[in-house]
Protein chains: 2
Amino acid sequence: MNSSLSVFVGTPSLLILSQSGLSKNPRKGFFMPPQPLRIGLAGLGTVGAGVIKLLDENAALVSRRANRDIVITAVSARDRARNRGVDTQRYAWVDNAPDLASREDVDCIVELIGGADGPALAMARATLAVGKPFVTANKAMIAHHGQALAALAEAKAVALKFEAAVGGGIPVIKGMREGLAANAVTAVYGILNGTCNYILSEIESTGKSFGVILAEAQALGYAEADPSFDVDGIDAGHKLAILATLGFGSAPDFDAVHLDGIRCVTPADIDYARTLGYRIKLIGLASLENGHLHQRVGAALVPMHHPLAHVGQSLNAVVVEGNYVGRLLFQGRGAGEGPTASAVVADLIDVARGEWGPPFAMPTASLSPLPKADADTIAERFYLRLTVKDQPGVLADITAALRDQAVSVESVIQRGSDTHGDVYFVLTTHITPTGAMLRALSHIAKLDSVTEKPLLMPIMN
Amino acid sequence: MNSSLSVFVGTPSLLILSQSGLSKNPRKGFFMPPQPLRIGLAGLGTVGAGVIKLLDENAALVSRRANRDIVITAVSARDRARNRGVDTQRYAWVDNAPDLASREDVDCIVELIGGADGPALAMARATLAVGKPFVTANKAMIAHHGQALAALAEAKAVALKFEAAVGGGIPVIKGMREGLAANAVTAVYGILNGTCNYILSEIESTGKSFGVILAEAQALGYAEADPSFDVDGIDAGHKLAILATLGFGSAPDFDAVHLDGIRCVTPADIDYARTLGYRIKLIGLASLENGHLHQRVGAALVPMHHPLAHVGQSLNAVVVEGNYVGRLLFQGRGAGEGPTASAVVADLIDVARGEWGPPFAMPTASLSPLPKADADTIAERFYLRLTVKDQPGVLADITAALRDQAVSVESVIQRGSDTHGDVYFVLTTHITPTGAMLRALSHIAKLDSVTEKPLLMPIMN
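Residues numbered from 1 in each chain as written. Chains lettered and ligands numbered in written order. Predicted model: local features only at pLDDT ≥ 70, side-chain atom pairs only at ≥ 80, totals over all residues.

(A) Fine view of the overall build of chain A. A tally of helices and strands in chain A yields 13 helices and 18 strands. Taking 23 Å as the expected radius of gyration for a compact globule of 461 residues, we find that chain A reaches 25 Å, a close match to that expectation. When each of the 461 residues of chain A is scored for burial, the buried share is 56%. Expressed as a percentage of contacts within chain A between residues at least 6 apart in sequence, the contacts between residues at least 24 apart total 74%. (Helix = DSSP H or I, 4+ residues; strand = E, 2+ residues; numbered from the N terminus. Rg over C-alpha atoms; globule rule 2.2 N^0.38 Å. Buried ≥ 20, exposed ≤ 12 C-beta atoms within 10 Å, placed from the backbone. Contact = placed C-beta atoms within 7 Å.)

(B) Region of interest: the pairing of strand E5 (residues 108-111) of chain B. All names here are of chain B. Because side chains alternate across E5, one face comprises the buried residues Cys 108 and Val 110, and the other comprises Ile 109 and Glu 111, equally buried. Across four bridges, the pairing between strand E2 (residues 37-42) and E5 is parallel. Within E5, the residue paired with Ala 42 across the bridge is Glu 111. Where E5 meets strand E6 (residues 134-136), three bridges bridge the pair, whose relative direction is parallel. Counted as the bridge partner of Val 110 is Val 135 from E6. (Pairing = 2+ DSSP bridges.)

(C) A look at the confidence of the model for chain A. Mean pLDDT over chain A: 91, with 92% of residues reaching 70 or higher. Reported confidences for the modelled complex are a pTM of 0.92 and an ipTM of 0.92. (pLDDT = per-residue confidence, 0-100.)

(D) Seen up close, the nonpolar core. In terms of nonpolar packing, the biggest core is built from 300 residues, with Val345(A), Leu348(A), Val345(B) and Leu348(B) touching the most fellow members. Residue contacts for Val345(B): discarding those within four places in its chain leaves Ala182(A), Val51(B), Leu54(B), Leu55(B) and Val62(B). (Core = buried A, V, L, I, M, F, W, Y, C linked by C-beta atoms within 7 Å.)

(E) Examining the sheet that holds strand E3 (residues 70-76) of chain A more closely. Residue and element names in this part refer to chain A. Taken together, the six strands give an open sheet; going across it, the order is E4-E3-E2-E5-E6-E7, and neighbouring strands pair in parallel fashion. Of all strands in the sheet, those with a lone pairing partner are strand E4 (92-93) and strand E7 (160-161), marking the two edges. For strand E6 (residues 134-136) and E7, the ladder comprises two bridges, and the chain directions are parallel. The residue of E7 that forms the bridge with Val 135 is Lys 161.

(F) Region of interest: the packing of helix H5 (residues 172-179) of chain A against helix H5 (residues 172-179) of chain B. Orientation of H5(A) relative to H5(B), taken along the N-to-C sense of each, is 125°, at an axis distance of 10 Å. Between H5(A) and H5(B), the crossing angle belongs to the class labelled oblique. Between H5(A) and H5(B) the crossing geometry is right-handed. Contacts between H5(A) and H5(B) pair Lys174(A), Gly175(A), Glu178(A) and Gly179(A) from the former with Lys174(B), Gly175(B), Glu178(B) and Gly179(B) from the latter. (Axes fitted to C-alpha atoms, helices over the stretch in contact; angles between N-to-C directions. Parallel < 35°, antiparallel > 145°, perpendicular 65-115°, else oblique. Left-handed = near helix turned anticlockwise from the far one by under 90°.)

(G) Highlighting the environment of Thr429(A). Looking at the element boundaries, Thr429(A) is found in strand E16 (residues 423-429). If near-sequence neighbours (up to four positions away) are discounted, Thr429(A) is found in contact with Arg381(A), Phe382(A), Val407(A), Ser408(A), Val409(A), Glu410(A) and Met437(A).

(H) Structural context of unusual backbone geometry. Residue and element names in this part refer to chain B. In this model, Ala 157 sits at a positive phi of 55°, which is unusual for a non-glycine residue. Looking at the secondary structure, you find Ala 157 in the loop between helix H4 (139-156) and strand E7 (160-161). Backbone geometry places Asn 290, a non-glycine residue, at a positive phi of 50°. Structurally, Asn 290 can be placed in the loop between strand E10 (278-289) and strand E11 (292-303).

(I) Expanded view of the sheet that holds E5(B). Spatially, six strands are ordered E4-E3-E2-E5-E6-E7 (chain B) in an open sheet, and the strand pairing comes out parallel. Unpaired on one side and paired on the other, strand E4 (92-93) and E7 of chain B mark the two borders of the sheet.

(J) Local environment of the packing of helix H3 (residues 118-129) of chain B against H4(B). Residues and elements named next belong to chain B. Closest axis-to-axis distance for the H3/H4 pair is 9 Å, and the angle between their directions is 10°. In terms of axis orientation, H3 runs roughly parallel to H4. Relative to H4, H3 is oriented so that their crossing is right-handed. In this structure, H3 contributes Ala 120, Leu 121, Ala 124, Arg 125 and Leu 128 to the contact, and H4 contributes Met 141, His 145, Leu 149, Leu 152, Ala 153 and Lys 156. Among the residues making up the contact of H3 with H4, the classes are represented as eight nonpolar, one polar and two charged. (Nonpolar A, V, L, I, M, F, W, Y, C, P; charged D, E, K, R; others polar.)

(K) View of helix H9 (residues 234-248) of chain B. The terminal C-alpha atoms of H9(B) lie 21 Å apart, and with 15 residues this matches the ideal 21 Å at 1.5 Å per residue to within 8%. Counting buried positions along H9(B) yields 15 of 15 residues, so the element is predominantly enclosed. (Expected span 1.5 Å × (residues − 1).)

(L) Up close: helix H13 (residues 434-445) of chain A. Residues and elements named next belong to chain A. Given a rise of 1.5 Å per residue, twelve residues ought to cover 16 Å, and the 16 Å separating the end C-alpha atoms of H13 matches this to within 8%. Restricting attention to buried positions, one finds in H13 the residues Thr 434, Met 437, Ala 440, Leu 441 and Ile 444. Down the axis of H13, the sector holding all buried residues measures 125°, keeping them to one side. Considering only its buried residues, H13 is in contact with strand E14 (379-388), helix H12 (394-404), E16, strand E17 (432-433) and strand E18 (455-459). (Arc of directions from axis to C-beta.)

(M) Quick look at the pairing of strand E8 (residues 185-191) of chain B. Residues and elements named next belong to chain B. Across the seven residues that make up E8, a large majority, five, are buried. Bridging between E8 and E10 involves four bridges; their strand directions are antiparallel. Bridge assignment links Tyr 189 to a residue of E10, and that residue is Leu 285.

(N) Structural detail: the environment of Gly190(B). All names here are of chain B. Tracing the backbone shows Gly 190 in strand E8. Through-space distance from the C-alpha of Gly 190 to that of Leu 55 is 30 Å; in sequence the pair is 135 residues apart. In this view, Gly 190 contacts Ile 283, Gly 284, Leu 308, Asn 316, Ala 317, Val 318 and Val 319; residues no more than four positions away in its chain are not counted.

(O) Here's a closer look at the environment of Pro369(B). Residues and elements named next belong to chain B. Counting through the fold element by element, Pro 369 comes out in the loop between helix H11 (337-353) and strand E14 (379-388). Pro 369 sits in the partly exposed class, given 14 other C-beta atoms within 10 Å. It is 32 Å that separates the C-alpha atoms of Pro 369 and Ala 352, two residues lying 17 residues apart in sequence. In contact with Pro 369, not counting residues within four places along its chain, are Ser 250, Ala 251 and Asp 253.

Below you can see the structure in the form of structure tokens.
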């Protein structure tokens, strides 16, 4: 008998034969004893150390659920000498991370280096090229290169998994990819960045400014020295692009995400919002508007009766709306050693069980970019906060600009401001096309009587 | 070449050969065009009609995600003539549901008949016996016979899936089985019965009694004519036994669930709870106490800051606490045509993709019952509401009974009752062993001055 294709028609109902031994499913592969899944781990920061701790502490449980052992055999990081609170001496050390992929004693790579490009991407390509499964927490890389990597994984029929890339320990990738697979998703949105949610929660509870809270968060290690990825919405945007891909079957399109952050949100805004019955949250939202994809990240007003209004501190939460399931909420810890390690090892267990498939739930070739929704086709309610000179005629100028764009005002609050003798002027609108609102705002921002950059935020239902 | 085992060592990294064609994975099975997954559907009630509607409306999307069509070929129900709002004429009709399993044109059974035994169980056994996958929404059957059925499925290497059995459209079975597979679960609890949550929400918002709200709910079709399964906690108990199995790797043990319902909860209790900062919810809770499994369903006080306090109306929500992931919340619609169909079809997509494994996440033989936790090893805070005669010495008798069991009182509320001239007397305790509390209560209930059956509820953290 030669080595070409032969068909088995004996008694067992399913037989899996595998070249590498990697993808064989030990549950069904009765004729082969389950071999351990041997991991090459790249990146030994907080999450990497968490993965090692989890695989140590929960080893018996993980083996029982995976039906085979999951063991780390080799690791790579920048600094070999650093004390990480875990024993890494027992693993082979590799200086150049992508070299992990080609090792004989490595079946599967876990990439925790981070960054959209550079060594992480080199490693992903090297791993998939040799036909080994690749597990990552790297949201930036998946948002930018997810489709190309998924195509590589598909070509080699190996797993590409990234549960930890969105929502930390919350199984929202799995929830959308599999749990909601029967639904046409109409919208997916949520609190995707724990740092921003922490900062906003702290501004609310202390009344301190964004800058003060940010500095405190940095001192506590809750925010990076360069906070821009978090507070300008970039991190949430990466996550949103991944969720949108899963929800709408579109190609990941991070560049089409409208990004806004929380730097402009003041304690006064949070106060006004509360008066109106809302909390301010950094919301990433993707929705389908007549076949056009709307993706945006920015501060938004969330009504107190909405479950997202009660997601405090550094928690994350994702809402998915499907045409059969209705509205689902997933909530949990969106970052940190334990939750992220939990998601990474869940992916490894799926790989070990052989329970995985197309990374974005459908053949990668069928993911195509959806046209970007136009601002005039999206209609929302808005909160607009202006800082204006305390003089006659100001209100008339502003309301005229709104009227000219047919923006209908729902409510107005005016209070004295604590600076310059200017006053804060806050209004909310009825539902209005975003384009009209932006045109009115552009006019308003140029008025002499408007002394600071206005802050415009959508109001969620 | 004969038909015995032969090993393929050519180029493709994975090759799946299947006897029945059922379990082959079309994603990897490049050499075979994907065949439709042909469904035999038993039970054409609300959920059955929902599954038909979903597979019609979302057909293209389901095919794209499953990478093959999912089509119903044959159906069975009690009454062939009944108008179900969907076209069932296009399917073969089978009078005796278990006969669906042996049909040549059926690859997979969906069972929506219900009931722990009877035709549903006959059908499950018949389906698994012929080595076909079985998808069900039947919580009672899985709670009672889940382990035996899982063993049958395992012996034939076919899928047994029951996402719709718990939490309707919420993918909590998948979340626990796969998403949290890396964690030692310490507790799983939640609002598992939408009817009870609806009734309690309505008592709170209207001040009407349980009996009145129940009658209204029955008139609206939100509660069954025989409401016992819902309001006495049986339905929630079935779901809890399934969640506990997934969380703790124990055998499903419905008989060990302590069951209590909501019949005794009065508008006054809800009022007292609110005064104390809590909402009353029917909570199913399973936790591990020193290797002993604690499972109970009953009304409990949930603090206003807890996410479960904000789960209103007929929504369901499940909290899972894991040693790495921390506390996760899943929330959504726990029943009804759309959400339940969403879960059933998600299971079918998993079957179609070949992404499934042991029903309870680990080899069925390794599921063994955990010893039941003893009331003296569980410690909680309690709410106790007594109806007492308005006479001297009553308080002394009650507090003495508590003192004798070393139960420490945290707070006391006494108000006039609207009946008999008796008074309601409400107290909360500090954390105390359940056994001690029950002994004290047994003594208190026998006091002459206590005129109605006391209501004891745990207070959640």
